Amino acid sequence: DDFEGVGVWRYADALPLNEGVSIREGNTPLYTVPEIEADVDVADVRVKHEGMNPTGAFKDRGMTVGVKVAERLGVDRLACASTGNTSAALACYGARADTEVLVLLPAGKVAAGKVAQAALHGARILEVEGNFDACLDVVAELAARGEAYLLNSINPFRLEGQKTIGLEILEQSKRETGEWPDRIVLPVGNAGNTAALYKCFRELVEAGAMAEDEMPALTGVQAEGAAPMVEAVREGREEVRRWEEVETRATAIRIGNPVNAPKALPGVRATGGTAVAVSDDEITDAQRALARDGVGVEPASAASVAGLTKLRREGEIDDDEQVVCLTTGHLLKDPDAAAAAGGDTTPVPADADGVLDVL
Ligand code: F0G
């Protein structure tokens, strides 16, 4: 049909299937961010805005592949644990595939827009007394008992689709700047994107399309209150220690047990990348900075720009670097956080003089 070869499916040759359950995911913009670039003061900063996907987050790239695999397997229940975006995407793609969807959410810790999406697309939503990691433990057990097909990023087909973020960044950067980026800075929760980007680069190296030393430095950012992977990178450890208690305003990455760390940590190391933790206030400042450049994102996404700003201040990033920050979800995902980060509203009477009086 006319979806063939669009967005994610333009890269079908790099994927395990040649078609998906598709609502035109991928092909997201790579924005210039002039104010942030001037503030960070490196050669080039761009933002790959994954919030511009159909459900407002990068998850769609994984679901278009994963839900098709589930369809071919003939499963009758799809399930995930989620901090919100995965549940929104799975609900949408499951609806498209006409398959039952079950989502487990940490009670009271999921942003309003995401719950609304999962509800409207018809998922069965269960609010769990526990954090995301506890939800994932439960769903993994349901899957092990044969009760559901698991579509969290531990599912390798999800990550296959998410590789296309890397392919698009390389193509768009080359087209717009003549170069591939030196560094990609991204928020880390379960470290699925970090693992997917590393696999993307490795496959390009194996195909002879990229030299080993051309792989962009994978630079992961976590919130200070949920930073087990940063801890492992900074301490030079191979194993990530699970954090039982996690807290951050960036609820999408409120995760203490990054399940893809074994695939992601070698990528951070092999590409010469690093990892850094940022405070909630640094995240909100970066969310406002992105908004001033016209890019509306949710808090977790702003962690990438907050991390770049912090690493640059700490002297870990060179003047001549060309950097791409990944922003993973749209502003409207978390309207409460956006409203809190923005300015106040002022009540006025319904006449021009009344309006002019307050201006
Ligand atoms: N940014 C956003 C907006 C997310 O929703 C997530 C993960 C991440 C970053 C982290 O990505 O896991 O590849 O390191 N959200 C999952 C969810 C956990 O349930 O929606 P990662």
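Bear in mind the structure is a predicted one, so any value in this text is a computation, not a measurement. (Residues numbered from 1 in each chain as written. Predicted model: local features only at pLDDT ≥ 70, side-chain atom pairs only at ≥ 80, totals over all residues.)

Enquirer: Before we go on, may I ask you to explain the overall build of the protein in this structure?
Expert: Looking only at helices and strands, the protein features 13 helices and 10 strands. Taking 21 Å as the expected radius of gyration for a compact globule of 359 residues, we find that the protein reaches 20 Å, a close match to that expectation. Overall size of the protein, expressed as C-alpha extent along the three principal axes, is 65 × 55 × 45 Å. Counting only residues that meet the buried cut, the protein has 53% of its 359 residues in that class. (Helix = DSSP H or I, 4+ residues; strand = E, 2+ residues; numbered from the N terminus. Rg over C-alpha atoms; globule rule 2.2 N^0.38 Å. Buried ≥ 20, exposed ≤ 12 C-beta atoms within 10 Å, placed from the backbone.)

Enquirer: I tried to follow the nonpolar core on my own but got confused; where do I start?
Expert: Across soluble globular proteins, nonpolar side chains have a tendency to be buried as a group. Ala79, Leu90, Val103 and Ala303 are the most contacted members of the largest nonpolar core, which has 102 residues in total. Mapped onto the domain boundaries, this core takes at least three residues apiece from domain 1 (7–56 + 156–341) and domain 2 (59–150). Once you skip the residues sitting within four places of it in the chain, Val103 turns out to touch Cys80, Ser82, Ser87, Leu90, Ala91, Ala118, Ala123 and Ile125. (Core = buried A, V, L, I, M, F, W, Y, C linked by C-beta atoms within 7 Å. Domains from an automatic or database assignment. Contact = placed C-beta atoms within 7 Å.)

Enquirer: It is not clear to me how the packing of helix 2 (residues 59–73) against helix 3 (residues 85–96) should be interpreted in this structure. Could you clarify?
Expert: Packed helix pairs are characterised by how far apart their axes lie and by the angle those axes make with each other. Packing of helix 2 against helix 3 brings their axes to within 9 Å, and their N-to-C directions diverge by 40°. The angle between helix 2 and helix 3 falls in the class oblique. For the element pair helix 2 and helix 3, the recorded crossing hand is right-handed. Where helix 2 abuts helix 3, its residues Lys59, Asp60, Met63, Thr64 and Val67 lie against Asn85, Thr86, Ala89, Leu90, Tyr93 and Gly94. Residue classes in the contact of helix 2 with helix 3 are distributed as five nonpolar, four polar and two charged. (Axes fitted to C-alpha atoms, helices over the stretch in contact; angles between N-to-C directions. Parallel < 35°, antiparallel > 145°, perpendicular 65-115°, else oblique. Left-handed = near helix turned anticlockwise from the far one by under 90°. Nonpolar A, V, L, I, M, F, W, Y, C, P; charged D, E, K, R; others polar.)

Enquirer: Explain the sheet that holds strand 4 (residues 100–106) to me, please; I cannot follow it from the model alone.
Expert: Note: strands within a sheet are paired through backbone hydrogen bonds, in either parallel or antiparallel orientation. On the basis of which strands lie adjacent, the open sheet formed by four strands has the order 5-4-3-6 and parallel pairing. The open sheet has two edge strands, strand 5 (124–128) and strand 6 (149–150), and neither has a second partner. Bridge count between strand 3 (residues 77–81) and strand 6: two bridges; the pairing is parallel. Its bridge partner lying in strand 6, Leu78 is registered against Tyr149. (Pairing = 2+ DSSP bridges.)

Enquirer: Please clarify how the domain arrangement of the protein should be interpreted in this entry.
Expert: It is common to report an interface's size as the accessible area lost on association of the parts. The assigned domain composition of the protein is domain 1 (7–56 + 156–341) and domain 2 (59–150). Here the C-alpha centroids of domain 1 and domain 2 sit 22 Å apart. With 38 residues of domain 1 in contact, the opposing surface of domain 2 contributes 31 residues. Breaking the side of domain 1 that touches domain 2 down by element, the ones donating at least two residues are helix 6 (156–177) and helix 12 (335–341). Looking at the side of domain 1 that touches domain 2 element by element, the count peaks at eight residues for helix 6. Taken together, the residues of the side of domain 1 that touches domain 2 sort by class into 16 nonpolar, 13 polar and nine charged.

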